[in-house]
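Examination of the molecular architecture
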Amino acid sequence: MKVLATLLMATVLGVVRGVIRTPLEAFRPSGEIHLKRPDKLPLLPHRRTAMQAKSGLKILYQIGMSEEDLPECRARQVCSKADLYDATQPWIERKCRCLGHKPCSSELSADDNHTLSDKTTLYKTCEPIKRLPKCRYFKDAAWTIYSFPDTNATQQIVNCHCPKASMTYLLKKLSYTTATGELGNQYQFACSPLSRLRCSRKEPCKLFSVRRRHEQIDEVNASTICQCPREHTCPRHHTEPGVLPGVTYAAEDIRTYHGYCMPEPTLDTYRFVGDKD
């Protein structure tokens, strides 16, 4: 009985571990984007507060605690990911080491010829991106993320770069067998033009998926669903007014939030009357 219980627990833990390794970029539950907001949308009590920009840039390591612990990069693999979601506290996740002791760019801009931009994330590559072909909308896989069942690491291989004014979406999820014979998942992402659909009444305009990474650092994937009507704006941050909490997925340590179109604030107009002569 104890052996059976142990095997059952190991199976459950294996399933949970596999779920936890789902890349946040691939986490967009289809059922989440069709929820209707209540007639009266309350403001969240946890408004976003102004933060002082930290002098030191926070660097996380996907594997280990230093550069020496990272594996060597494959061809066209993303070596670093710079997260600019919170402009006051950007952070970088180091993925792998470039061959030949080449440095992986840590610039917080996309002007270094080694950067692919998607939403608020900058993906850095060892090779110049000018060598990459341009992706076709809805057809080509811009990049593929491989998850490994034995570690928390992922590999992101770039195939082409998206046209300007576009974003990526999950094209398909496939299974593959690793070099050690284990079963892993690969997530292929394709390019799409920015959505021009207008939001219908009570329809969320943005979906936020949030995962805690380190202390006060949250990894956030914000997916735009539709465009707000005139004189309305969609929240840019999951702690701004107009955002409601959604479903929490404890196994994956992911919280979801729905952003709704809010009326633009009206500026008070003051008329100054000078003294007449």
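Computed from a prediction, not measured in an experiment: that's the story for all the values here.

Conventions adopted
- Residues numbered from 1 in each chain as written.
- Predicted model: local features only at pLDDT ≥ 70, side-chain atom pairs only at ≥ 80, totals over all residues.
- Heavy atoms only, no water.
- Helix = DSSP H or I, 4+ residues; strand = E, 2+ residues; numbered from the N terminus.
- Contact = heavy atoms within 4.5 Å.
- Areas by Shrake-Rupley, 256 points an atom, 1.4 Å probe, with all protein chains shown as cover.
- Core = buried A, V, L, I, M, F, W, Y, C linked by side-chain atoms within 4.5 Å.
- Buried < 20%, exposed > 50% of the residue type's maximum accessible area, 1.4 Å probe, protein only.
- pLDDT = per-residue confidence, 0-100.

Quick notes on the overall build of the protein chain
Secondary structure assignment for the protein chain yields one helix and 15 strands. The contacts in the protein chain between residues at least 6 apart in sequence include a share of 65% that link residues at least 24 apart. Total accessible area on the protein chain is roughly 17200 Å²; 55% of this is exposed by carbon and sulfur atoms.

Quick notes on the nonpolar core
Ranked by size, the top nonpolar core spans 15 residues in total, and within it Leu116, Ala142, Trp143, Val158 and Phe189 carry the most contacts. Among residues more than four places away in sequence, those in contact with Val158 are Arg76, Val78, Leu116, Thr125, Leu132, Ala142 and Trp143. Counting seven residues, the second largest nonpolar core, distinct from the first, contains Tyr85, Phe208, Val220 and Ala222.

Side note on the confidence of the model for the protein chain
Across the protein chain, pLDDT averages 80, with 78% of residues at or above 70. Model confidence for the protein chain, summarised as mean pLDDT per element, is weakest for helix α1 (residues 2-20) at 39 and strongest for strand β2 (residues 78-83) at 96. Of the regions scoring below 50 in pLDDT, residues 1-20 engages in seven contacts with residues more than four places distant in sequence or in other chains. Low pLDDT, under 50, characterises residues 43-55; the stretch is placed with 24 contacts to residues that sit more than four places away or in other chains.

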